[in-house]
Amino acid sequence: MDGLNIPLNHVLLVSSLLFVIGLLGLMIRRNIIFILMSLEVMLNAAALAFVGAGAHWGQPDGQVVFMLILTVAAAEVAVGLGLVLQIQRRFKTLDMDHANRMGG
Amino acid sequence: MRELIWLIPLIPLLSSVTLMLSSGKFPRLLIGLLGVGSVGSAALLTLALGLDFMANPEVLQLTLWTWMQVGSFAPGVAFYFDGLTLVMMSVITGVGFLIHLFSTEFMEDDVSYARYFAYLNMFVAAMLVLVMADNLLLLYLGWEGVGVCSYLLVGFWYQNSANGQAARKAFIVTRIGDTAMALGLLLLFTELGTLNIQSMVGAANESWQVGDTLPLIACLLLLGGAVGKSAQLPLHTWLPDAMAGPTPVSALIHAATMVTAGVYLIARTHGLFLLAPTAMLVVAIIGITTSLIAAFTALMQSDIKRILAYSTISQIGYMFLALGVGAWTAGIFHLMTHAFFKALLFLGSGAIIHCLHHEHNIFKMGGLRSKMPVTFWSFMIGSAALAALPMTSGFFSKDQILLEAYQFPDIGPWLWFAGLCGALLTAMYSFRLVFVVFFGQVKTKPDKDTGWRMALPLSVLCGLSLVGGYFIIPVESVFPMSTGTHPAHWVEYVSISVPLVGLLLAYLIFQSGQLRVDGLVNSAIGKIMRQFWLSGWGIDWLYERLFVRPYYAFASLLKAEPVDAVYGLVVTFNEALNGWLSQSQTGRMRWYITSMVAGLVVLVAVALQLSPEAI
Amino acid sequence: MIMVNLILILLVGGLLAMISERFGKNVPRIVALGIVLIDLVYLLSQLSGMSDLTQLQAPIPSDPGTWLMHFKAEWIPAFGISLELALDGISLLMVTLTLVLGAIAVSASWTDIKIRRGFFEANLLWTLAGVLGVFMALDLFLFFLFWEVMLIPMYFMIAIWGHENRGYAAMKFFIFTQVSGLLMLISILALVSVNQSATGQWSFSYFDLLGTPMSEKVAHWLMLGFFIAFVVKLPAFPFHTWLPDAHTQAPTAGSVILAGILLKTGAYGLIRFAVPLFPEAAMDFSYVAMALGAAGIIYGAILAFGQTDFKRLIAYSSVSHMGFVLLGVYAWNELALQGAVMQMVAHGFSTAALFMIAGALQERLHTRELREMGGLWQHMPRMGAVAMFFVLASLGLPGLGNFVAEFLVLLGLFQVDPWMTAVAALGLIAGAVYSLMLMQRSFHGEPNPKLTEMGLVDFGTREMITMVVMMLALIGLGIYPQPLLDMAQPVLQSLLEVTP
């Protein structure tokens, strides 16, 4: 295990970069497909941080949580894509600003 | 025998309750029997008690039960019986019985016959409690009780809202006085530790000196109650309006008994008043002022009952004068004789009103002398006694008051002179009434004459008004002896002759017409004065503007509940905040996320700023 | 266990009443009346087995064994919360009053509830259960719980069966009580934690919390929390504005319970908790409290005079009368406290009766507006006479209970502050003004021709029985209040010893 020795800092840096990218995607994108993808990116950023931290402390917990996140992400995609299909059918668009039905 | 004294107020009370529970289903005869019989038996018991007392003049103190006991505050439902109580009880039950009897004829056509006697009996019971109470709290119970009965009876014909107005005025104006009196009770108990009248006066004499401030305040507060009940300045305005009630009620409550309760109160607590000479002076001045003001007003009225009402105010003024100058016995004596002749006059006027289709205006009457002889003689005797013509009962009592007032230090002669002016006016207005109503042209024909149930009480009261002056009231042990010497003879002669002058003037002006006063009356100043006196010196007008209207205005101003407006501000603020914040709910995810991130950044920045060592 | 049973009977009885609607529309009211009467009889039968109630010994506040009854069971031991109930003379009076007025309230709404009668009676019984709990709970957590329990069914009673503006009134009632209740909860928690840091023990028990040492400033704030909760309920000026709305809009039974009982929980709280828990702070505060009381007397009386709605007028008169209670409590001497307790009982009857009359009028005339009444005596002499009686009681006629109460309060207050007494006494005059005006506008005066055609029905037997019970109670209190005074005396005496 000593061949591949990446410092934790680097892992966290990458993870936070990924997180910010995902967040920016959420904030900027209007297409719901991209919003979902950004969400996935953020989830994976968090998962990466867990794995990195787990490796650093030599604990299995990080990978356990990663598995959990993976499951959550899969479920989320399943539901999310279902919603996307419905939105496409109902609004004939994937632009979330157009699909807004709230009064505010 | 004497231990049965509690039966005397109980019998009318039970009769009253029975009548109330009957809800008008009893036959009239039974109602009358109950109403009159209960007071009659109370009168008989009082008579028996009086004979017993004459034989063995010993005061009786009887505690039925302790009303309430909290710490050392333990007023009892307890009676105290001495000569003064006996005089009051005799007047209440005796005159009360006659008036009840009179009422059975006066009210015979009224639908609420039972209600009337229920109230009237209740009044007698409450009045008896008032005079028999051995402590001021029980006295206060009777005091308020008679006030309520007066309210109920003045507003007896409730369908007319003017009657309701008069009844409310009577109750509320007297309540103002009563509240002062209640404060007096609080002060007396707090300072002296008891409300039992005898021990209270004893304690007061031990702990207070003549002229101290505390007895003065206490006496003035009690006086507040007395002027309210007895219709003296400045709380006299309710009495003329109270004439809205049935006339026998006016005779019983507003002439013979309830309105003299103030006099009784002061007489009963004279031991306190002796400690406060200033308060006594106030009593005397209130009395004489009221007496004069009311006498002038009576001279101008045209409603027969209002004349008598103002005359009552004026006569009670004399009693207050007597109390103020320390002529206790004379004051109580005048109370008794006044009860006789004023009840007589009121019942007489009731007979006229009854037989004249409820006519009140004396100028629409006239020539009744031959049509209603019993009533005419009643009025003649009553007016003579009221005017204090020699040898009538009023003469003895009023003369005594004036003589004792003359001997009052410093201002005595002035009080006497003012009293004489009042006596002159009294003679004038009372015989004005007689001449206008009974002589001259017949203007309204009576449709009936009085029946025996009216004639009998009138006759008995005529007798009492004539010979009442020779009664000796057994109060010498109650009051301190008056130590005054006899004044000069001329004082007495003047006192005797003034009413005769008044009678003569009344004859010349209102009967023979030899003395023409039209010019004087119709002159500019005469008109103003006439209007001024007619309206009772504008006091009602003043109170209306000073108290009644501001209170109405205040109440309608507050009706919108200003306090709620403050809570309304909270609501308005919340609604504004709600409107403002709900604008941020756009429904755009991107906007939500961005604001979340921004919020997070701010929070982290603040946290770092606050605790930099966490880094 | 007796006390638990008392509450349980009402709680379960509420469920029964709700279910019983299946058996007929008129069954729930019979069930409810039965339940309350059973509860009352149960209480009296348990008491009759005890020693002479007029010879009570003074309960020592810190020693539950000296109380008339005491019950304690663990609930949440980790925080020192227990089911602790206790009864002394004052609570006993209040519990009895609650049950008597509860039965009267059921009778008051015998006919005027048209929808969901089962749920109505259930709410009524649950409110009573909450009130009983408030009067008996001596664990502060439990006390707070019951404080809320009595509030929620009451909210439903106003919101569902109330009159035209019920939603607003119910919400206002709820928010006022809830917010003030939260202040009390904060105070309770703070008090418990202060006590914990002093003794190391968590306890919500009244007996443990008495005499908790704390700094003057803390005591002031905590006392204020309790004070506000209780005076909102009382209600005292200027926290009274929920009351006219709630009383006016509530159905008759609701008004009867609100005015007759619920207001008394505030007064009870002041006597039981706000003063004894923080004696010094309360005494420092007494002038403010008394000033609020005197202001309430005058303000309530003036506003009552300005009203033209029968129920609203009575509601404001309650504000005025409760001012006497506040004065009595904070004058804090035996006379005044006895007066306050007396006022709680006497006002319970007189106001409940007036609200019943208002309800009866509303049922017959379909209005509460005084301007549309007048001359009703002619049509309904029995009701008129009864109304006159209670109006006289409410203006403090000697010989009736309210006079004894007001006089004792004034007498006690005079020893503390004569000037305040003089101001409060003005309330006697203003009281006469609005009371007689009420009588004039409704029963006296010229008969309204419109009313003559309506064929008004006078009070029937059921209503007269209810009224006569209350009339006899007031007369009894007025001419021989001693049993009641004797019952409260030992409690008050021991409370007075708690304070400096």
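Residues numbered from 1 in each chain as written. Chains lettered and ligands numbered in written order. Predicted model: local features only at pLDDT ≥ 70, side-chain atom pairs only at ≥ 80, totals over all residues. Heavy atoms only, no water.

**Student:** Mind laying out the overall build of chain C, listing which residues take part and the relevant values?
**Tutor:** Scanning chain C from terminus to terminus reveals 20 helices and two strands. Relative to the compact-globule value of 23 Å for 500 residues, chain C shows a C-alpha radius of gyration of 22 Å, a close match. Counting only C-alpha atoms and orienting by the principal axes, one finds that chain C spans roughly 75 × 60 × 45 Å. Considering chain C as a whole, with its 500 residues, one finds that 68% of them fall into the buried category. A sequence separation of at least 24 residues applies to 80% of the contacts in chain C between residues at least 6 apart. As displayed, chain C offers around 15300 Å² of accessible surface, 66% of which is attributable to carbon and sulfur atoms. Computed over 22 positive and 30 negative side-chain charges, the separation of the two mean positions in chain C equals 14 Å. (Helix = DSSP H or I, 4+ residues; strand = E, 2+ residues; numbered from the N terminus. Rg over C-alpha atoms; globule rule 2.2 N^0.38 Å. Buried < 20%, exposed > 50% of the residue type's maximum accessible area, 1.4 Å probe, protein only. Contact = heavy atoms within 4.5 Å. Areas by Shrake-Rupley, 256 points an atom, 1.4 Å probe, with all protein chains shown as cover. Lys, Arg positive; Asp, Glu negative; His and termini not counted. Charge placed at Lys NZ, Arg CZ, Asp CG, Glu CD.)

**Student:** Could you give me a rundown of the overall build of chain B, with the residues and numbers involved?
**Tutor:** Helix and strand counts for chain B come out as 26 helices and two strands. Expressed along its principal axes, the backbone C-alpha trace of chain B runs to roughly 115 × 60 × 60 Å. Per-residue burial for chain B yields a buried fraction of 58% across its 615 residues. Within chain B, counting contacts between residues at least 6 apart in sequence, those at least 24 apart form 81% of the total. Accessible surface, chain B as shown: approximately 23900 Å² in total, 68% of it carbon and sulfur.

**Student:** Explain the confidence of the model for chain B to me, using residue names and the numbers behind them.
**Tutor:** With 99% of its residues at a pLDDT of 70 or more, chain B has an overall mean of 86. Least confident of the elements in chain B is helix 22 (residues 518-522) of chain B, whose mean pLDDT is 71; most confident is helix 5 (residues 136-154) of chain B, at 92. (pLDDT = per-residue confidence, 0-100.)

**Student:** Could you give an account of the interface of chain B and chain C, with specific residues and numbers?
**Tutor:** Taken residue by residue, the interface counts 46 residues in chain B and 61 residues in chain C. Summing both sides of the interface, chain B and chain C together bury roughly 4700 Å²; the carbon and sulfur share of this comes to 71%. Where chain B meets chain C, there are one salt bridge. Notably, a salt bridge pairs K172 of chain C with D564 of chain B, separated by 2.6 Å at the nearest N-O pair. For the pair chain B and chain C, the number of links is 17 residue pairs in polar contact (both at pLDDT 80 or more). (Buried area = accessible area lost by both parts, 1.4 Å probe. Salt bridge = Lys/Arg side-chain N within 4 Å of Asp/Glu carboxyl O. Polar contact = N/O pair within 3.5 Å; in protein donor to acceptor, adjacent residues only side chain to side chain.)

**Student:** Give a description of the arrangement of the chains that names residues and reports values.
**Tutor:** Here the protein chains form two pairs of chains in contact, of which the pair with the most contacts is chains B and C. Chain A makes no contact with chain C; the smallest distance between any of their C-alpha atoms is 27 Å.

**Student:** Tell me what's going on with the pairing of strand 2 (residues 76-81) of chain B, and back it up with residues and numbers.
**Tutor:** Side-chain direction in a regular strand flips from residue to residue, so the side chains alternate between the two faces of the sheet. Residues and elements named next belong to chain B. Taken across its six residues, strand 2 has six buried, putting it largely inside the fold. Judged by which residues are buried, strand 2 turns out to be covered on both faces: G76, A78 and Y80 on one side and V77, F79 and F81 on the other are all buried. With six bridges connecting them, strand 1 (residues 60-66) and strand 2 associate as antiparallel partners. Looking at strand 2, one finds that Q61 is bridged to Y80. (Pairing = 2+ DSSP bridges.)

**Student:** Give a detailed account of the pattern of salt bridges, specifying residues and quantitative values.
**Tutor:** All names here are of chain B. Under the defined criterion, the tally for this structure stands at 20 salt bridges over all chains. As a salt-bridge pair, K169 and D241 come within 2.6 Å of each other at their nearest N and O atoms. Placement of the pair is K169 in helix 6 (residues 161-192) and D241 in helix 9 (residues 238-241), with a sequence separation of 72 residues.

**Student:** Residues and numbers for a nonpolar patch on the surface, please.
**Tutor:** A contiguous nonpolar surface patch, about 750 Å² in accessible area, is contributed by L4, W6, L64 and W65 of chain B together with V468, L472, I475, I479 and Y480 of chain C. It is helix 19 (residues 461-479) of chain C that contributes the most residues to the nonpolar patch, four residues altogether. Tracing the backbone through its elements, the reader meets L64 of chain B in strand 1. (Patch = residues over 30% accessible without salt bridge, like charges linked within 9 Å, V, L, I, M, F, W, Y side chains within 5 Å.)

**Student:** With reference to specific residues and values, describe the interface of chain A and chain B.
**Tutor:** Listed as interface residues are 10 residues of chain A and, on the opposing side, nine residues of chain B. Together, the buried faces of chain A and chain B total about 890 Å²; carbon and sulfur atoms form 62% of this surface. Across the contact surface, chain A and chain B share zero salt bridges. At the surface where chain A touches chain B, the tally comes to zero residue pairs in polar contact (both at pLDDT 80 or more). Its residues assigned to classes, the side of chain A that touches chain B shows five nonpolar, two polar and three charged. (Nonpolar A, V, L, I, M, F, W, Y, C, P; charged D, E, K, R; others polar.)

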